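Listed here are the chains, written in short residue letters.
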Amino acid sequence: MPRPVLRQRPTSWWAFLLASLPLAGGAGLAVHILAGISLPLAAGVIVLFGVGVWLLLLPRLRPRVRRQVGVRVGVGALSGAVATVAYDLARYGAASIFSLSFQPFHVIRLFGELFLGSGAPVGAAVAVGFLYHLSNGVCFGIVYALVFWRPGALTGIAWGIALELCMALLYPAWLRIAVLQEFLAVSAAGHVIYGAVLGVLARRLLDRRAQLDSAPSGGHHG
């Protein structure tokens, strides 16, 4: 009896190429901060590149591998959404419990203004900024599920720490954060929680899918 499809480890080169599309939002922000290019333009160019990669690469993969990709995109998206909620709760909880002056959600409005302009209504900017924030959390989950073929708490936390390091390198100078220690503490706590939830949930969802794939199809022959 063949092993469940989700248990088979594929070659890894295509996973990193496919990750270019879900990384577009985060990479676009990095380009904006480092090069001063507008976020919509930077992210849009990376999205176009990523879409091109998917259109060129997917038809060349075996059907079984394409199925693996589809399953992992769904698992990564769901796990990333739940992990993003946990990330936000952890940051809010840390700031509230320790009565920190750092406001963990002040950047949400700024995200929205990067898309709508600085004169945008506050409500619209916050809504767009939150959608961008959530989409990044979901897409980082998809990247994790594609690249880390055996997810779990440790690899999830490692991924969360990698995201934290990127933020720690880019955000302080960009946002001119005065309370740097508070920012780093809150951000680190959030990313560790994000990674742990992401890794554990992705592993459970993939294990459940593997069990369903390996279960008998039902019925018997007399």
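Summary of the structure given here. Just so we're clear, the structure is a prediction, and the values are computed from it rather than from any experiment.

Conventions used here
- Residues numbered from 1 in each chain as written.
- Predicted model: local features only at pLDDT ≥ 70, side-chain atom pairs only at ≥ 80, totals over all residues.
- Heavy atoms only, no water.
- Salt bridge = Lys/Arg side-chain N within 4 Å of Asp/Glu carboxyl O.
- Helix = DSSP H or I, 4+ residues; strand = E, 2+ residues; numbered from the N terminus.
- Buried < 20%, exposed > 50% of the residue type's maximum accessible area, 1.4 Å probe, protein only.
- Axes fitted to C-alpha atoms, helices over the stretch in contact; angles between N-to-C directions.
- Parallel < 35°, antiparallel > 145°, perpendicular 65-115°, else oblique.
- Contact = heavy atoms within 4.5 Å.
- Nonpolar A, V, L, I, M, F, W, Y, C, P; charged D, E, K, R; others polar.
- Patch = residues over 30% accessible without salt bridge, like charges linked within 9 Å, V, L, I, M, F, W, Y side chains within 5 Å.
- Areas by Shrake-Rupley, 256 points an atom, 1.4 Å probe, with all protein chains shown as cover.
- Phe/Tyr/Trp six-rings, centres within 6.5 Å; stacked < 30°, edge-to-face > 60°.

1. Quick word on the pattern of salt bridges
Here's step 1: Following the criterion strictly, the structure yields 5 salt bridges and no others.
Here's step 2: A salt bridge links Asp88 to Arg91; its shortest N-O distance comes to 3.1 Å. Taken as a pair, Asp88 and Arg91 lie in helix α4 (residues 63-97) at a separation of 3 residues, close to a single helical turn.
Here's step 3: On the basis of relative accessible area, Asp88 is assigned to the buried category, the value being 12%.
Here's step 4: By sharing partners, the salt bridges in this structure join Arg67, Arg209 and Asp213 into a single network.

2. What about the packing of helix α5 (residues 106-116) against helix α7 (residues 153-175)?
Angle between the axes and distance between the axes are the two parameters that describe a pair of packed helices.
Here's step 1: Between α5 and α7, the shortest axis-to-axis distance is 13 Å and the interhelical angle comes to 80°. Taken together, the axes of α5 and α7 are roughly perpendicular relative to one another. Within the contact between the two elements, α5 uses His106, Val107, Leu110, Phe111 and Leu114 and α7 uses Tyr171, Trp174 and Leu175.
Here's step 2: Looking at the contact of α5 with α7 residue by residue, the classes come out as 7 nonpolar, 1 polar and no charged.

3. A few points about a nonpolar patch on the surface
Here's step 1: A cluster of nonpolar side chains, namely Ile37, Leu41 and Val45, defines an oily patch on the protein surface of about 250 Å² accessible area.
Here's step 2: In this fold, Leu41 is placed in helix α3 (residues 39-57).

4. Overview of the packing of aromatic side chains
The relative placement of two aromatic rings is captured by the distance of their centres and the angle of their planes.
Here's step 1: All told, the structure shown has 11 aromatic pairs when counted by the stated rule.
Here's step 2: Between Phe115 and Tyr132 the ring centres are 5.4 Å apart and the planes differ by 55°, which places this aromatic pair in the tilted class. In this pair, Phe115 sits in helix α5 while Tyr132 sits in helix α6 (residues 122-147), placing the two residues 17 residues apart along the sequence.
Here's step 3: Overall, the relative accessible area of 34% leaves Phe115 in the partly exposed class.
Here's step 4: The interplanar angle of 80° and the centroid separation of 6.4 Å between the aromatic rings of Phe140 and Trp159 together place this pair among those described as edge-to-face. In this pair, Phe140 is assigned in helix α6 and Trp159 in helix α7, connecting sequence segments 19 residues apart. One exposure class covers both Phe140 and Trp159, and it is buried.

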